[in-house]
Amino acid sequence: MAASSELQLDLLPSDPLLHILSYLSFRDLVHCSYVSKRLNELSKHNPLWKRHCCKHWLLTDADRLQSGLSWYCLFKQYYSDLGRYIEYYSVLKKAWEQLKSFLQQRCPRMITSLKDGATEAELNDIEVQIDSKLPDDYRCSYRIHNGQKLVIPGLMGSMSLSNHYRSEVLLDVETAAGGFQLRRGMRRCLPLTFCFHTGLSQYVALEDAEGRKKGESFYPCPDQTAQDPSAIDMFITGSSFLDWFSSYVNNVVTGEYPIIKDQIFRYVHEKGCVATTGDITISVSTSFLPELSSVHPPHFFFTYRIRIEMSRSASPEAACQLNSRYWKITTSDGNVEEVQGPGVVGEFPVMTPGKVHEYASCTTFSTPSEYMEGHYTFHRLANKEEVFQVAIPRFHMVCPPYREPPTPTQKASTSDTTRFDDHDNGDFCHNDDEDDRDDFGGLRGINMVAFEGACCPRFT
């Protein structure tokens with residue numbers, strides 16, 4: 001029967017067999033090559049491997065012509081070098097290419113800061129140096145680009161207020177290894193980013209320990225109320241390096257993050273957070289600042305950026321000036337706080353057809369989220385007696401999920417609970433425009449009450 005089946009297979013024409021083989025994964029094609037001599041020959045058919053080269057290695061006809069190899073041999077060549085990363089390579093390679101294409105057009109000086117990829121041997125040496133295994137998705141990305149040079153602005157985004165500036169560099173693996181943590185509270189954590197001005201870093205956990213999950217990226221946040229200085233809370237920024245990096249790149253290339261002065265600013269614009277009243281449109285984007293926040297005591301710091309724009313088609317008689325602002329701040333338990341005052345951050349912008357005015361302000365909450373809405377009051381320049389209101393759309397401010405470290409009385413299952421609290425409460429404060437940059441080094445453990453008193457007086 002076996003001989004008869006093989007004979008029948010050999011008698012089948014090639015075209016239908018090749019058509020069937022075209023639906024198989026590269027692993028199944030390899031398995032088929034061991035079934036019979038006929039399938040061994042057909043499974044190496046060059047067009048079959050073009051699809052897999054394009055899918056897994058993002059190769060083009062130009063790449064194949066330049067290599068001088070068949071698609072089958074080209075696939076084997078890449079697999080011998082990058083086969084362990086086949087699950088991640090196409091996603092990360094595509095993300096890097098999209099990011100570089102975007103930067104070339106919008107932030108060209110960042111392109112020159114990117115470093116060439118690390119070799120397998122170099123990554124293996126780092127693992128020996130820190131006595132820990134690097135996640136495969138992390139290794140894969142660093143085979144493509146080994147982070148960036150230690151320059152400003154950083155690839156992983158900036159944030160600026162009048163007296164505070166942050167810009168995160170994507171660390172190369174050698175520098176990251178120098179910051180590898182073995183101390184209590186941060187065991188087996190490798191820094192991903194670094195900010196020269198604040199000392200802030202995002203980390204990746206290389207193993208399950210102290211309430212962290214292997215592969216998670218996070219901002220560490222010391223528990224300022226604990227007697228144990230190793231008690232570290234965590235603002236979670238990604239479930240894996242792949243999730244962390246690809247989601248960031250997607251926000252950049254889709255325009256979710258604005259480009260301001262040749263830098264990527266990590267403001268998030270909530271979809272639908274736009275309101276138009278007559279000729280004036282108001283839109284809002286927000287950002288969470290982990291370096292000025294803490295879980296214990298609960299203090300969550302946000303900045304928001306408001307864009308006021310008058311339509312180009314408005315008549316010259318529509319020109320107006322902002323008089324005052326009104327805010328309605330609503331908590332999750334239904335409490336409402338109202339704030340009103342003259343101007344915006346000390347300014348009274350004049351709006352004319354086509355004019356855009358943007359400003360940044362900030363607020364602090366004692367719970368991880370809250371929402372605000374309100375209106376501006378304007379008067380017409382041609383007739384100061386004509387006063388009208390312009391709606392500010394409702395916008396939410398929600399910090400990343402956070403996790404508290406385990407305590408001696410907690411079970412592991414309890415310590416792994418990620419908080420997605422949606423309570424709203426807090427103090428309200430303003431900062432001026434974001435152009436100035438002061439060095440705020442050593443912000444970890446900052447006295448937030450003193451900071452508020454100096455920079456963000458209540459209800460400014």
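Report on the accompanying structure.

Across the interface, helix α5 (residues 46–57) lies against helix α7 (residues 71–82) with an axial gap of 7 Å and an inter-helix angle of 35°. Judged by the sense of rotation from one axis to the other, the crossing of α5 with α7 is left-handed. Packed against α5, whose contacting residues are N46, W49, K50, H52, C53, H56 and W57, the element α7 presents W71, Y72, L74, F75, Y78, Y79 and L82 at the interface. Among the residues forming the contact of α5 with α7, the class breakdown is 10 nonpolar, three polar and one charged.

Attention now moves to the side chain of E120. Mapped onto the fold, E120 is located in helix α10 (residues 120–130). Reaching out from E120, the side chain makes a polar contact with the side chain of R143 at a distance of 3.1 Å. In contact with E120, other than residues within four places in its own chain, are D81, R84, Y85, R139 and R143.

Cis peptide bonds are those with omega within 30 degrees of zero, and the linkage from I152 to P153 qualifies with 10°. Relative to the assigned elements, P153 resides in the loop between β2 (145–148) and β3 (158–161). Cis geometry marks the peptide bond from H296 to P297, where omega comes out at 0°. In this structure, P297 sits in the loop between β14 (280–288) and β15 (300–310). The phi dihedral of L58 is positive, around 55°, even though this residue is not glycine. Tracing the sequence through the fold places L58 in the loop between α5 and α6 (61–67). A relative accessible area of 31% means that L58 is categorised as partly exposed. One non-glycine residue, E210, adopts positive backbone phi at about 50°. By the secondary structure assignment, E210 is in the loop between β8 (203–205) and β9 (217–222). Here E210 falls in the partly exposed class, since its relative accessible area comes to 21%.

Right, let's get into the sheet that holds β8. One open sheet holds the five strands; their spatial order is β6-β8-β9-β10-β22, and the pairing between them is antiparallel. Each having just a single partner strand, β6 (189–191) and β22 (402–403) make up the two edges of the open sheet. Alignment of strand β10 (residues 232–238) against β22, held across two bridges, turns out to be antiparallel. In the strand pairing of β22, F235 is matched with Y402.

Below, the discussion takes up helix α8 (residues 89–106). Compared with the 26 Å implied by 1.5 Å per residue over 18 residues, the 25 Å span of α8 between its first and last C-alpha is a close match. When α8 is considered as a whole, its buried residues turn out to be Y89, S90, L92, A95, W96, L99, F102 and L103.

Cut-offs used in this document
- Residues numbered from 1 in each chain as written.
- Predicted model: local features only at pLDDT ≥ 70, side-chain atom pairs only at ≥ 80, totals over all residues.
- Heavy atoms only, no water.
- Axes fitted to C-alpha atoms, helices over the stretch in contact; angles between N-to-C directions.
- Helix = DSSP H or I, 4+ residues; strand = E, 2+ residues; numbered from the N terminus.
- Left-handed = near helix turned anticlockwise from the far one by under 90°.
- Contact = heavy atoms within 4.5 Å.
- Nonpolar A, V, L, I, M, F, W, Y, C, P; charged D, E, K, R; others polar.
- Polar contact = N/O pair within 3.5 Å; in protein donor to acceptor, adjacent residues only side chain to side chain.
- Buried < 20%, exposed > 50% of the residue type's maximum accessible area, 1.4 Å probe, protein only.
- Pairing = 2+ DSSP bridges.
- Expected span 1.5 Å × (residues − 1).

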